[in-house]
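Descriptive structure summary
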Amino acid sequence: MAIKVNITRTGLCFIFLLMLIYLFSLMSQTGLLYIIMGIILGIYVINFLVCIKGLKSITVSECGIVNTTEGEITDGIISFRNFSNKAIGFISLNSELGTLLYIKNLPGKSERHIGIEKVFHDRGIYHINYLILESVYPFGFLKIKRKIFNNGKIVVYPKIYYCQAPDASGFEPMLGGIYKGIHKSTFGDDFAGVRKYTEGDPLKYIHWKASSKGQGIFVKEFNEEFSGRLSVIMDLRYNVHGTGNIFNHSVRAAGSLAFSALELGHHVEITDLAGNNRFKASPFSDIDEMLEYLAGIQQTKDEFSIKFLEKAIIDLPNKSSLAFIMLFINNPFIEYINRLNNTGRKITLYLPKESNYILHLNRLSSSIKRFYFEKCSICSD
Amino acid sequence: MQRLTKPENLFILVGLICQAFTWDNHQHYTFLIVFFLWIICCLLHSSRKIISDGVQFIIILSALTFFYSFTGVNIFGKCISLGNGLVLLQLIRLTYQLNYRERILSIIIAITQIVIGTQVILGYSFVLVISATLILLPKSLYQIQIENIEPNTKDSIGKFEFKNRKFEFTVIFLFSLLFFIIFPRINIESNTNLYSPFSRYRDSLYLNKPELNTSLASLNENALKDNDIVLQIHMDGTKTKYLEIMSLDKYENGLWTISASGYLKKRNLADRFNVEKKNYRKIDIKNDKFKSKFLPVDGNVQAIEGNFFDNPYFTRNGDIIVNNNIKRKNKSYEYWTSYKFNSLSSNDYRRYTKHGDTSQRIITFIDSVTKNSKTNNDKAYAITAYLKNNFKYELGVPKLNEIYPVEDFLFNVRKGHCERFASALAYLLRTINVPAKVTVGYLVREYNQFGEYYNVRTQDLHAWTEAYFKDKGWVIFDATPVSERIRTNEDIGILKKISDYFEYIWYSKVINLSFGDQVNLLKSINDIISWFINIFAKGLSFIYYLFTLMIFILIIYLFKHKFIRKLLKLRFINKKRSIVYAEHFYGDMLKELEKQKIIKPISATPFELLDILKKNNFIHYNEAKAITIIFCYIKYGNGYMNEEKIKIIQQNLNTIKINKKKYDNE
């Protein structure tokens, strides 16, 4: 239990005052000044004793894994329990991330569960290795700090927003897929009708109600359901043009596009230009894992070339459509995606709205859709 | 009303009142003015500033400049003046809502004003100031902190009141006391005027003028009404009743004065280490008005030391004259006297017997009074006794005849105050060729047995006669008749003496606690500790055991809850928590039984459940019984849960749970 004592600015002012009174007392004929000095010093002593005792008697629950979204209040709750009979107040709970919460008063023998007040505006995974309990109770002369080791993290998801999902391709039958095929199937959710029983049909497909009418045995038929595949390829390159903010915009855009695609029942795979980071999400799956992946994604200073990109594309499903979320583009890249597009690959390109790539974009194939992302929206030309 | 009772505002008021003390602490209207201004400013309080920052700044700067430039002649004076300027700032700031920094500044200014006030508040009223500071300062700081966090708080966190913060207030009080006692005093002596031109001390009254003449003139009764303590004397050796200020050796035209040669230095005073130490006196001057160049002493002074003068010397009249009577507080001096006396030179003999013409009537008077006396010594006693027994003490008697004052006094008026008797006796002694002088000084009568000191008050001023005899030296003759006005030691009540003693303690041990006193105090503590160590070393077992027992009882008393519990590891849990624990464990047992398909009927008592278990031949009936008994003992009896019981319950519960696992496996 590491305890540290600091003097506040108010405390320093009063120390300065004490020094002045002491100088005054050197020439004064009365010793009564020492009583006044004693009272002020007594206040320091009380500040020290009450604060130390109060902070030592508080137990704080560990701040484990807390999930939140950019700009929103976290759902993390930290419990405080005061075992002493005396109240303590003016407590702030700090960490390497800053002040997490503030407690005005914690009465003696009481327990409080307080939500983390700090709002995180940028996505990321913030590790909390220690917590610092601070208090200036009751006079504000001394600030006592108590360090508590903690093993926790705050995962700040990128803020996702509604947007149009990129075109998917490589549709395959899948139960629950919202795209309907022309064929009928004996299983699925979308009931299409009945047909005559043919040999080999499993008994469980028999539509008993229709069969009971005496016109023969009928089996159920369902509309065939398809879901497509989408690969979101993110640009993690660190460049002066791609500042941290724009990168965060791109992550939000990736999350929002992936979420929209998942809502439509597509398989989504998120990767980067070098194919180093890869995350797969099945249709209708819980998006928390994907958001956590996006929260932890970092820019890289690794060198990049088209060869890396080619390798990354090869690893992706052949039929999946590609959504490039780029921070900046150049001619080789345009030429490469034009080539890919010519091979029949469905491609969508997302660029920062602030970017000015008119010369490059003029060379872009007209069949490649392009969009621009901002802080919290995606728009077309 | 809330504004008026706010601790912060009250503390500011204390500061303002302390500052007002520097104006004039005898005139209460200054306090009333400050008080009413404070009330008005508190009532004018509004959320917005009445006067803008710029105007405020100009007003304050002007006030500070004025007070700094035109008042106060030294650092103290300047401080007081600045404090006066800050009064204006404090009052202005009461009228609007301050932010955190401004509020802290107001508190600092109030402390500064209290500090300035302590330079003039030396009496018991300072106890009130300290009490107010002790209570209001922590409360104000706490309130400021709360309102800094929650501006419009309505006691959501609670007030810093004495009833719920006894520990805090006690610690602050004890710490201030400890700091006051043990913090080493360093005092830089300064010959500075403490008071500003506006001070009440600007017109000092010289009670004892060096050029004082005593005559046979009238003395107003009001002159001796002042009852202030002037001197406080500690005596070692022979006690004296007469403390001499000056001797008047010259008689001319009915007036007694000090002759030119009376001022002359007779000898230097020796170093204190080189004198034969017979009688020792330490005199504290308790009244600022005492400014005489003549120091009150008794006997033949050999050495003298003091903290307010330079170059003391012994005059030919036997007085002590000092130079540079510094104006400062806590004046004191000490001196050593011897029984030796010096014989008079022929010049001095002539000087002390010079008396002018004497009328036949006076000679006849002396002859008639001293007809039975043979020696001069006897004659002196006879005349003294005659005056004392046949004359009357009275103040305010009309003036005597200016040409024949002695005759008028002896044969017509026959009454008067001490100076008349002393003058007349000295004159009469000189007529029979006995060297004599009139001595003015204090009559030491008031002894305080609690503090073992003598008090000398203004009204103890007295005059008597000293006569020289070859074989005895200077002898005191006091011809003044006994009067009701003259108090005796017995006249002073015990309560008065106790209150005087407290006053003595307050001034000498509180206000003027010196480094020497601190050292003595630490020595005393050291002595007490040494005494105890010696007692233990000598093996005085009774005191040792008594002391140990007392310490043990004290420890038990102080730590009766926590310490003993920890020591014995019993850790009794209080009743409420015990029941919670018991219910918790019993509930656990019921859950286990439920899992084993033994459900307690709702109406069944714990012991009925035991009967059910017994009927069902429950394997761990004994364990369940043990838990049930402890549960009932705690919940329905007066039992408490302790670690031992918790251990038993947990063991039994574990046995039941293990049994359940075996049952499941089977």
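Just so we're clear, the structure is a prediction, and the values are computed from it rather than from any experiment. The residue numbers shown here count from 1 along each chain, following its written sequence. A letter from A marks each chain and a number from 1 marks each ligand, given out in the order of writing. In view of the model being predicted, local features appear only for residues whose pLDDT reaches at least 70, and side-chain atom pairs are presented and counted only at 80 or more, with totals across whole chains, interfaces and linings using the full set of residues. Note that water and hydrogens are dropped before the side-chain values are worked out from all heavy atoms of the structure.

Numbering of helices and strands runs from the N terminus; a helix is a DSSP stretch of H or I covering at least four residues, while a strand is a stretch of E covering at least two. Across its full length, chain A holds 8 helices and 19 strands. Looking at the 381 residues of chain A, the share that counts as buried comes to 53%. Within chain A, contacts between residues at least 6 apart in sequence are counted, and of these 69% link residues at least 24 apart. A 1.4 Å probe and the Shrake-Rupley method give the accessible areas. Residues count as covered only by the protein chains that appear here. Total accessible area on chain A stands at roughly 18000 Å², and carbon and sulfur atoms take up 54% of it. Burial here depends on accessible area, computed with a 1.4 Å probe over protein chains only, as a share of the maximum for the residue type. Under 20% is buried, over 50% is exposed, and the range in between is partly exposed. The contact criterion used throughout is that any non-hydrogen atoms of two residues lie within 4.5 Å.

Attention now moves to helix α7 (residues 331-342) of chain A. An α-helical segment advances 3.6 residues per turn. Residues three or four places apart therefore align on the same side. Residues and elements named next belong to chain A. Helix span, as expected, comes to 1.5 Å for every residue beyond the first. For α7, built from 12 residues, the straight-helix expectation of 16 Å at 1.5 Å per residue is met to within 8% by its first-to-last C-alpha distance of 16 Å. Of all the positions in α7, only Phe 333, Ile 334, Tyr 336, Ile 337, Asn 338, Leu 340 and Asn 341 are classed as buried. Once α7 ends, the next one or two residues include Gly 344, with phi positive near 100 degrees.

Here, a salt bridge means any side-chain nitrogen of Lys or Arg that lies within 4 Å of a carboxyl oxygen of Asp or Glu. Taken as a whole and assessed by the stated rule, the structure comprises 30 salt bridges over all chains. A salt bridge links Lys369(A) to Asp167(A), with the nearest nitrogen and oxygen atoms 2.8 Å apart. Separated by 202 residues along the polypeptide, Lys369(A) in strand β18 (residues 369-373) and Asp167(A) in the loop between β9 (142-157) and β10 (169-173) bring together distant segments of the chain. Under the relative-accessibility criterion, Lys369(A) is labelled partly exposed at 39%. Three or more residues joined by partner-sharing salt bridges are found here, namely Lys6(B), Glu8(B), Arg103(B) and Glu147(B).

Bringing the nonpolar core into the picture now. The term nonpolar core refers to a set of buried residues drawn from Ala, Val, Leu, Ile, Met, Phe, Trp, Tyr and Cys, joined through side-chain atoms within 4.5 Å. Phe14(A), Ile40(A), Phe80(A) and Ile111(B) are the most contacted members of the largest nonpolar core, which totals 103 residues. Of the residues forming this core, the biggest block, 14 residues, is contributed by helix α2 (residues 33-56) of chain A. Among the nonpolar cores identified, the runner-up in size contains 67 residues, and Phe309(B), Val406(B), Ala426(B) and Ala467(B) belong to it.

Residues and elements named next belong to chain B. Spatially, the 4 strands line up as an open sheet ordered β3-β15-β18-β19, and their pairing is antiparallel. The open sheet is flanked by β3 (242-248) and β19 (473-477), the only strands paired with a single partner. Along the sheet, successive strands turn relative to each other by an average axial angle of 40 degrees, direction set aside. Here, strands pair whenever DSSP counts at least two bridges between them. Two elements, β3 and strand β15 (residues 436-443), share 6 bridges in a ladder whose sense is antiparallel. Across the sheet, the residue bridging to Met 246 is Val 440, located in β15. Throughout, an axis means a line fitted to C-alpha atoms (over the contacting stretch in the case of helices), and angles, computed between N-to-C directions, take values from 0 to 180 degrees. Along the sheet, helix α14 (residues 418-431) contacts β15, β18 (461-469) and β19; its crossing angle with β18, the most-contacted strand, is approximately 15 degrees.

On to the side chain of Thr628(B). All names here are of chain B. Relative to the helices and strands, Thr 628 resides in helix α21 (residues 621-635). Judged by relative accessible area, Thr 628 falls into the buried class, the value being 0%. If sequence neighbours within four positions are ignored, Thr 628 has contacts with Tyr 586, Met 589, Pro 606 and Leu 610.

For the rest of this paragraph, the subject is the confidence of the model for chain B. All names here are of chain B. Confidence scores labelled pLDDT are given residue by residue by the predictor and lie between 0 and 100. Averaged over every residue, the pLDDT of chain B is 78; the share at 70 or more is 82%. Confidence over residues 190-221 falls short of pLDDT 50; this stretch has 85 contacts with residues more than four positions distant or in other chains. Both scores are given for the predicted complex: the pTM is 0.66, the ipTM 0.75.

We now examine a nonpolar patch on the surface. Residues and elements named next belong to chain B. Patches here are clusters of residues that have more than 30% relative accessible area and form no salt bridge, with a 9 Å joining cutoff for like charges and a 5 Å cutoff for nonpolar side chains (Val, Leu, Ile, Met, Phe, Trp, Tyr). Together, Leu 178, Ile 182, Leu 521, Leu 522, Ile 525, Ile 529 and Ile 533 make up an exposed nonpolar region whose accessible area comes to about 630 Å². At the level of elements, α8 (166-182) and α16 (515-538) are the ones that each hand at least two residues to the nonpolar patch. Counting residues per element, the nonpolar patch draws most heavily on α16, which supplies 5 residues. Here Ile 533 is to be found in helix α16.

Chain B puts 55 residues into the contact, and the matching count from chain A is 42 residues. Counting each side, the surface lost to burial between chain B and chain A is near 4400 Å², with a carbon and sulfur contribution of 75%. Where chain B packs against chain A, one counts 1 salt bridge. The residue Lys86(A) makes a salt bridge to Glu168(B) at a minimum N-O spacing of 3.9 Å. Two N or O atoms form a polar contact when they lie within 3.5 Å of each other; inside protein one atom must be a possible hydrogen donor and the other a possible acceptor, and for residues adjacent in sequence the pair counts only when both atoms belong to side chains. Remark: the boundary between chain B and chain A carries 3 residue pairs in polar contact (both at pLDDT 80 or more). Elements with a contribution of two residues or more to the side of chain B that touches chain A: α5 (75-93), α6 (100-117), α7 (125-149), α8 and α15 (494-511) of chain B. Sort the elements by how many residues they give to the side of chain B that touches chain A and α7(B) lands first, with 11 residues. Buried area is understood as the total, over both parts, of accessible area removed when two parts are fitted together, assessed with a 1.4 Å probe.

All names here are of chain A. Among the 8 residues of strand β5 (residues 88-95), 8 are classified as buried, and the element is accordingly described as predominantly covered. Alignment of β5 against strand β6 (residues 98-106), held across 7 bridges, turns out to be antiparallel. From the neighbouring strand, Ile 88 faces β6, where its bridge partner is Leu 106. In sequence, β5 turns back onto β6 through a hairpin of 2 residues. Summarising the sheet, β5 and strand β8 (residues 124-135) pair through 5 bridges and their orientation is antiparallel. Paired with Asn 94 across the strands is Ile 132, a residue of β8.

With that settled, the discussion passes to the packing of α2(A) against α7(B). Axis separation between α2(A) and α7(B) bottoms out at 11 Å; the angle between their running directions is 20 degrees. It follows from the interaxial angle that α2(A) and α7(B) lie roughly parallel. In the packing of α2(A) onto α7(B), the handedness of the crossing is right-handed. Of the residues in α7(B), those touching α2(A) at Ile35(A), Ile36(A), Ile39(A), Ile40(A) and Ile43(A) are Phe126(B), Ile130(B), Thr133(B), Leu134(B), Leu137(B), Pro138(B) and Leu141(B). Taken together, the residues that form the contact of α2(A) with α7(B) break down as 11 nonpolar, 1 polar and no charged. By the definition adopted for this analysis, an angle is roughly parallel if under 35 degrees, roughly antiparallel if over 145, roughly perpendicular if from 65 to 115, and oblique otherwise. Crossings are classed by handedness, with left-handed meaning an anticlockwise turn of the near helix from the far one by less than a right angle and right-handed meaning a clockwise turn. Amino acids are sorted into nonpolar (Ala, Val, Leu, Ile, Met, Phe, Trp, Tyr, Cys and Pro), charged (Asp, Glu, Lys and Arg) and polar (every other residue, Gly among them).

Hydrogen bonding along the main chain pairs the strands of a sheet, whether they run parallel or antiparallel. All names here are of chain B. Read from one edge of the open sheet, 4 strands run β6-β10-β11-β8, paired in antiparallel fashion. Strands with a single pairing partner mark the edges of an open sheet, and in this sheet they are β6 (265-268) and β8 (294-295). Where β8 and strand β11 (residues 320-323) come together, 2 bridges link them in antiparallel fashion. When the sheet's bridge partners are listed, Phe 294 is paired in β11 with Ile 321.

Residues and elements named next belong to chain B. Along the chain, Pro 7 falls in helix α2 (residues 7-21). A relative accessible area of 12% means that Pro 7 is categorised as buried. Sequence separation between Pro 7 and Gln 143 is 136 residues, and the spatial gap between their C-alpha atoms is 8.0 Å. Leave out the neighbours within four places in its chain, and Pro 7 touches Leu 136, Lys 139 and Ser 140.

This part covers unusual backbone geometry. Tyr137(A) connects to Pro138(A) through a cis peptide bond whose omega is -5 degrees. In this structure, Pro138(A) sits in the loop between β8 and β9. In the Ramachandran plot, Phe90(A) falls in the positive-phi region, its phi being about 55 degrees despite a non-glycine side chain. If you check the backbone angles, Asn433(B) has positive phi at about 65 degrees while not being a glycine. Among the structural elements, Asn433(B) can be located in the loop between α14 and β15.

Here we take up helix α11 (residues 360-369) of chain B. All names here are of chain B. For α11, the full list of buried residues reads Ile 362, Phe 365, Ile 366 and Val 369. One side of α11 carries all its buried residues, which in axial view fall inside an arc of 95 degrees. Of the surrounding secondary structure, the elements contacted by the buried residues of α11 are α12 (376-390), α13 (405-413) and α14. Think of it as the arc spanned by the lines of direction from the helix axis to the C-beta atoms.

Residue and element names in this part refer to chain A. Look at helix α6 (residues 306-315) against α7: their axes get within 11 Å of each other, and the N-to-C directions meet at 30 degrees. By the criterion of interaxial angle, the relationship of α6 to α7 is roughly parallel. Here α6 runs over α7; the crossing is right-handed. Residues Ile 306, Leu 309, Glu 310 and Ile 313 of α6 lie in contact with α7, whose contacting residues are Pro 332, Phe 333, Tyr 336, Arg 339 and Leu 340. Here the residues of the contact of α6 with α7 sort into 7 nonpolar, no polar and 2 charged.

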